[in-house]
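# Coordinate analysis (summary)
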Amino acid sequence: MKRLPGKIFSTALVKAGVVEATTERDLIRAHMHLHAVLPRLADLARLDDEARAIISEMNVAIEFFVPGGPKVVLHFKNSSVRAVRTGKADVCLMFPTCKMLNDMFDGKKVTPIPIKGVHRMGDLKKLTRLTDILTRYLKPSQSEMADKEFRAKHVELSLLVGLAATEAIATIEAKGRRVASHMPSGTMLYDVKGGPKAHVIVKDGKIEVFPGAIKDPTTTIEIRDVDLAVDLVKGEVDTFAANGSGDIKASGGLALADEYNALFDRVGLYLS
Amino acid sequence: MKLNSFDKSKELFLRATKVIPSGISGNKNPAFAVPGSFPYFAESGEGCRYKDVDGNEYIDYLAGYGPIVLGYNDPVVEAAADAQRKLGAAFNHPTPRAVELAEKLVDLIPAIDWCAFGKNGSDVTAYAIQTAREHTQRRKILMAKGAYHGSQSWCRHGLGGLIESDYEHVLTFTWNDADSVMDLVKKYDGDVAGIIITPYHHPAFADQEMPAPGFLQTLRKICDDHEIVFILDDVRAGFRLDMKGSHEYFGFKPDLTCYCKAMANGYAVSACCGSQPFKNAASRVFFTGTYYTSAVEQAASLACLDELVKSNAIEHMMKMGTMLMDGLKKTAADNGLEVRLTGPPTLPFMTFASEKNFRRSQLFSGEAAKRGVLLHPHHNWFIMRAHKEADIQRTLEVADACFAIVSKEFGKD
Ligand SMILES: Cc1ncc(COP(=O)(O)O)c(C=O)c1O
């Protein structure tokens, strides 16, 4: 099947009454699912043995897209995963609407329309196994969280999802765009003591997120320990109170931290 | 020398976090200074010094974020407040103090013919923009990017609790760029109610910027040409540059002016003042609060303004501020560091020339607080009349030790 230009296709579906028009919320959530959650498969390759073994057997590019909406291509190659937003794929999975894509991430039964690479069922099964592992880390059971090592991985992946999700707030959400428009450029290091590190690069309102440390960050956010970070990624920490008590130590460019935090605080409204 | 520690501040803060959202809300939250190396709670003050709950004493350059202009616990102001307190603090009606204070301000400030009183700066900046909207029957308000005009929703920082309609008619221009103002005036032709501006630019987390020659005068002309109300937010700088209002210092004339901080040496009172043509519009805006008429603060303000005039306080504060600014520059240089001192001498601010991320400032301020001098790392400072040469000298001695620590940690410039 030839690809229809996305916007025309989705507009036609809406007009025909087949699907509902996309709301700002649906679009933001879809953007987060494709650009903040799915790219974590790259981190999973580093953090989880089982996932690494599955990824090492894959050599494929898989695309998720919503016509007229967000798109991601996951390249599985040489035991690693790379997520990009443009280019071709071997397998293309279309979700007619953002809402359907979001439903799938919410665990509802949704069947995407395979536009290309239908025959590569094996790769799709592997992908499903990988996303199941990712879900285990992002929505863990209590018993899994009892394990210290698991907790640290949960924190790292959740933190990366949360940080990466700020991009959708900054670029799509009307309120977030207001903050992003005057957010100073710079780099922010998140340093969970005894746990993972992650960093954010903000440049002219654009946000990119990476695992690990960065040299000479503009702003450093030190988080007391993994347990506090668990609560932080759940959105259960009063960050101003934690700053005063020393549980969180912010230093350096606090104007950046302050603006960025306003975006980060809103992620929980869309992802839970 | 024994360094200050802040254990009781931290203890009290932990108690506070259990019963007060964020422990201490807004810009007084420790997160905005140097958590762990700064006091969180105050106990008492006298002159240019105050004590925190740990019993540490500071030579203070934050002055309660501005209001303490004479000095803590000033005897003349306290006597006036006490006298009124004996008569009563709040009544069904205003007291004669309200009229006396309005008359005093009208006498003092040539540009104004009337005043209305509130409690905080935010009360009167909000009232000023509403008066401008009422006068012009237009919607848009223009303000400078990074400027602070208070915590009401039209200009509130951040996103918490706001909806788009709160701020959709508030637009920002770039300080010292009259073209960026003109662009907005053209774009929203016939719908700009007011331009609100501070007399010079004093954003947090940045150097202060004085108005470029002609900038404020050009804004005045734009307002005249387009029948826009020109509002001066003098909440922070008022009565520290010129007793006739900061516009006199910079040579321009606003239509409405907002005062607060230095009006009453720490008592809660603010004023929106204006010239005759705006008085009727101001009358039509419902402006009140339970305590807007309370008399103790107004009595304190009357005494404070008298004292400022009588003692020629601004001249003294300018001298002390200049001594501090020059001294810091030299002391930094002696330690191999370059600092930038910006703003007028009565409201100075210092940043380190070789950084943008305030790490040196945070170390410097934290170490100074441990040694009994309070200099905020991110917010401009305030000089008081109570600062004397010996206090500045002591401050420079402490600064010398702190610059040495900074230069050891970060290297010389
Ligand atoms: C220039 C300016 N405007 C308005 C305000 C708001 O005043 P308040 O905090 O008393 O409401 C401030 C407070 O710092 C200020 O500096």
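Predicted, not measured: the structure shown is a model, and the values here were computed from it.

### What about empty space enclosed by the protein?
Residues and elements named next belong to chain A. Taken as a whole and assessed by the stated rule, the structure comprises 3 cavities of 30 Å³ or more. Here the largest cavity defines a volume of roughly 280 Å³. Contributing to the lining of the largest cavity are 16 residues, with I221, N243, A250, A257 and N261 lying nearest its centre. Of all elements in the fold, only β6 (186-192), α11 (239-245), β10 (248-252) and α12 (254-267) reach the threshold of two or more residues within the lining of the largest cavity. Considered class by class, the residues forming the lining of the largest cavity number 12 nonpolar, 3 polar and 1 charged.

### Concerning the domain arrangement of chain A
Residue and element names in this part refer to chain A. Examined at the domain level, chain A breaks down into domain 1 (3-138) and domain 2 (143-267). Placing the centre of domain 1 and that of domain 2 at their C-alpha centroids yields a distance of 25 Å. On the domain 2 side, the residues contacting the 18 residues of domain 1 number 19 residues. Buried area between domain 1 and domain 2, both sides added, is near 1,800 Å², and the carbon and sulfur share of it is 68%. Among the residues of domain 1 in contact with domain 2, R40, L47 and Y137 are the three that bury the most area, contributing 33% of the side total. Linking domain 1 with domain 2 are 3 salt bridges. Across the pair R46 and E156 runs a salt bridge whose closest N-O atoms are separated by 3.0 Å. The tally of links from domain 1 across to domain 2 stands at 5 residue pairs in polar contact (both at pLDDT 80 or more). Sorting the residues of the side of domain 1 that touches domain 2 by element identifies α2 (24-37), α3 (41-47) and α6 (121-138) as the ones contributing at least two each.

### What about the environment of I141(B)?
Residues and elements named next belong to chain B. Locating I141 in the fold gives a position in strand β5 (residues 140-144). Remark: the alpha-carbon pair of I141 and H169, spanning 28 residues in sequence, is separated by 6.3 Å. Apart from residues lying up to four places away in sequence, I141 is in contact with I129, R133, W154, H169, V170, L171, A193, G194 and I196.

### Let's talk about the site of the ligand
All names here are of chain B. The ligand sits among N120, G121, S122, Y148, H149, G150, T198, H202, D233, V235, R236 and K261. One of the side-chain nitrogen or oxygen atoms of R236 is found 2.8 Å away from an oxygen atom of the ligand. The protein chains hide 88% of the 390 Å² of surface that the ligand would expose on its own. Of the residues that constitute the shell around the ligand, the class distribution is 2 nonpolar, 7 polar and 3 charged.

About the thresholds
Residues numbered from 1 in each chain as written. Chains lettered and ligands numbered in written order. Predicted model: local features only at pLDDT ≥ 70, side-chain atom pairs only at ≥ 80, totals over all residues. Heavy atoms only, no water. 1 Å grid on protein atoms, 1.4 Å probe; cavity = no way out; pocket = protein on both sides within 12 Å on 5 of 7 lines; lining within 4 Å. Points joined across faces, edges and corners; volume = space filled by probe spheres on them. Helix = DSSP H or I, 4+ residues; strand = E, 2+ residues; numbered from the N terminus. Nonpolar A, V, L, I, M, F, W, Y, C, P; charged D, E, K, R; others polar. Domains from an automatic or database assignment. Contact = heavy atoms within 4.5 Å. Buried area = accessible area lost by both parts, 1.4 Å probe. Salt bridge = Lys/Arg side-chain N within 4 Å of Asp/Glu carboxyl O. Polar contact = N/O pair within 3.5 Å; in protein donor to acceptor, adjacent residues only side chain to side chain. Near = heavy atom within 4 Å. Areas by Shrake-Rupley, 256 points an atom, 1.4 Å probe, with all protein chains shown as cover.

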